[in-house]
Amino acid sequence: MLSVLIWVPILGAVIIGCLPESMVATRSRQVALAVATGLLGWSLYLSSQFHLSEPGLQFQEGLPWIESLGLTYQLGVDGLSLPLVLINSLLSWLAIYSSDGQIHRPRFYYILLLILNGAVAGAFMSQNLLLFFLFFELELIPLYLVIAIWGGARRGYAAMKFLIYTAVSGVLILATFFGLSLLSGSSTFDYAVLQEHTLPLSTQLVLLITLLIGFGIKIPVVPLHTWLPDAHVEAPTPASVLLAGVLLKLGTYGMLRFGLQLFPEAWRVIAPGLATLAVVSVLYGSFAAIAQTDMKKIVAYSSVGHMGYILLAAAAATPLSLLGAIAQMISHGLISALLFLGVGAVYAKTGTRDINVLRGLLSPERGLPLIGSLMIVGAMASAGIPGMMGFVAEFIVYRSSFEVFPVQTLLSMVGTGLTAVYFLIMINKVFFGRLPDSLANLPRVRWHDRVPAMIVTVLIVFLGLQPSWMTRWSQTTAVALVEDRLNRSTTTFAEVRSVPSDPDWLSLQLTGSESPKRPIH
């Protein structure tokens, strides 16, 4: 069942590659959109068959591959990976739908988007470390080419910088995986097998720090972030949607899946440092966003700050904080997609993203009132306004992290206030005021541009009003991840507050009420 999400987009890419030249201009987009629609439908079907009370992997598939290297084709999803698989399918559909119908070299463009979709899905579902690495590296090439070919004026520089940083990230991750397998005395890279081994603390620390630097580049955390603003600014809008909405989550997913779970004792030692690094990322990203005049750079630095919230929750490593980390990944994926879609529409209609040039775009007669309204919703959601999914995710992160790292959590909360500051500056300058004559009578926004942003907006509001639809997939898994980590640690922990079968677990945790406790020996 899971293999469909990997090999169908690859098959779709092959079909597009085989189209006659006379059909390329008209059929490439249609085939890619049909494949993306089928993948989204299949992802929704898988989610409907997912058992919420089961903490372990579901829909597992396993085949031997290159056994001499320890490489097996092992797939599975749980409450950590399933929401990300869904986000990948949704945002891939939106990226293809929102792509310019007159884009040059359409055959190659849509082939790359489909390969990117399959590679990301494979990484999220892989249960063999070497298989994960192969998919992790596979997604690098399509995005590099999309930026390098269809990007902005400095696309060559941005694409090469992205390639170099991500290649270094991959080398560090692969070195960690090889070190873990070698030092564990294991002949396989299967995740479940490597979980059975517990290494000495000093060895765990070396491997974990190496792994976190690798995934830290991908997330990215300060000071490993400098490739991201350039990549976003030069990338076409669909690529920015996928980069912020999905690809950055490969870093946070890998950090939680492999860093937290494979090195439990080392994680506990470096957790305070990770929480402090999260504060640095949150505050630096926020202040850097305030200093920008390019709308896309503002949203890009906003991503740096908001990914810091995930790092803070991961450092706390409680059931509720892990749930908050997953919720923040979903929230940031959708909110950043809306903001980049809005910025892309503004740039397409006005030819600029400079907030010192743009004025009055909310004008109902001659401006872009719908795009302006959706951008305001995105800004409100990113700033954590109640009623939006951003508020739910950030509240869970703060509520859970405060008990473990109170100082770092309070400092990170400043980032929420700063988010409101830089988005208010952008919204006020770009959408309010008098529309200048140079921007009057802008081209009309077509439904082609409206539909993706409207779909994401509906989801942001719905999941803000009904947050259980965002958290229900991951509650049991969040508890199981912590319990498994504590059981495998040689350090004694007194207890973990969680009962997976309790339907009121989340509300009890959020309100601070006493919930039943299970001792962990």
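Residues numbered from 1 in each chain as written. Predicted model: local features only at pLDDT ≥ 70, side-chain atom pairs only at ≥ 80, totals over all residues. Heavy atoms only, no water.

A. Seen up close, the packing of aromatic side chains. In the structure shown here, the tally under the stated rule is 22 aromatic pairs. Between F108 and W150, the ring centres sit 6.2 Å apart and the planes meet at 50°, which makes this aromatic pair tilted. One end of the pair, F108, is in helix α4 (residues 106-125); the other, W150, is in helix α6 (residues 140-150), with 42 residues separating them in the sequence. On the accessibility criterion, F108 (27% relative accessible area) is partly exposed. (Phe/Tyr/Trp six-rings, centres within 6.5 Å; stacked < 30°, edge-to-face > 60°. Helix = DSSP H or I, 4+ residues; strand = E, 2+ residues; numbered from the N terminus. Buried < 20%, exposed > 50% of the residue type's maximum accessible area, 1.4 Å probe, protein only.)

B. Spatial organisation of the environment of M329. Positionally, M329 belongs in helix α14 (residues 319-350). For M329, a relative accessible area of 1% gives the class buried. Residues M329 and V246, 83 residues apart in the sequence, show an inter-C-alpha distance of 8.8 Å. Leave out the neighbours within four places in its chain, and M329 touches L80, L84, K249, T252, Y253, L256 and I310. (Contact = heavy atoms within 4.5 Å.)

C. Broad picture of the side chain of Q261. Structurally, the position occupied by Q261 is in helix α11 (residues 237-262). The buried category is assigned to Q261, whose relative accessible area is 1%.

D. Representation of the pairing of strand β1 (residues 58-66) in the model. Looking at chain direction, β1 and strand β2 (residues 71-77) are connected through 6 bridges and run antiparallel. Each residue of the ladder has a partner; that of L63, found in β2, is Y73. The turn joining β1 and β2, which pair antiparallel and follow one another in sequence, is formed by 4 residues; a positive phi near 80° is taken by G70. (Pairing = 2+ DSSP bridges.)

E. Region of interest: the pattern of salt bridges. Summed over the entire model, instances satisfying the criterion amount to 8 salt bridges. Among the salt bridges present, the one from K218 reaches E139, with a minimum N-O distance of 2.8 Å. In this pair, K218 sits in helix α9 (residues 201-218) while E139 sits in the loop between α5 (129-138) and α6, placing the two residues 79 residues apart along the sequence. E139 matches K218 in its accessibility class, with the two residues each being buried. The shortest N-O distance in the salt bridge between R399 and E403 comes to 2.9 Å. On the basis of relative accessibility, which here comes to 57%, the residue E403 falls in the exposed class. One network of salt bridges, with partners in common, ties together R154, K161 and D230. (Salt bridge = Lys/Arg side-chain N within 4 Å of Asp/Glu carboxyl O.)

F. Region of the structure containing unusual backbone geometry. Cis geometry is found at the peptide bond from I219 to P220, where omega equals -10°. Mapping P220 onto the fold places it in the loop between α9 and α10 (227-234). The residue after V222, namely P223, is reached through a cis peptide bond having omega 10°. Tracing the chain through its elements places P223 in the loop between α9 and α10. Positive phi outside glycine occurs at R105, with the angle close to 55°. Locating R105 in the fold gives a position in the loop between α3 (82-98) and α4.

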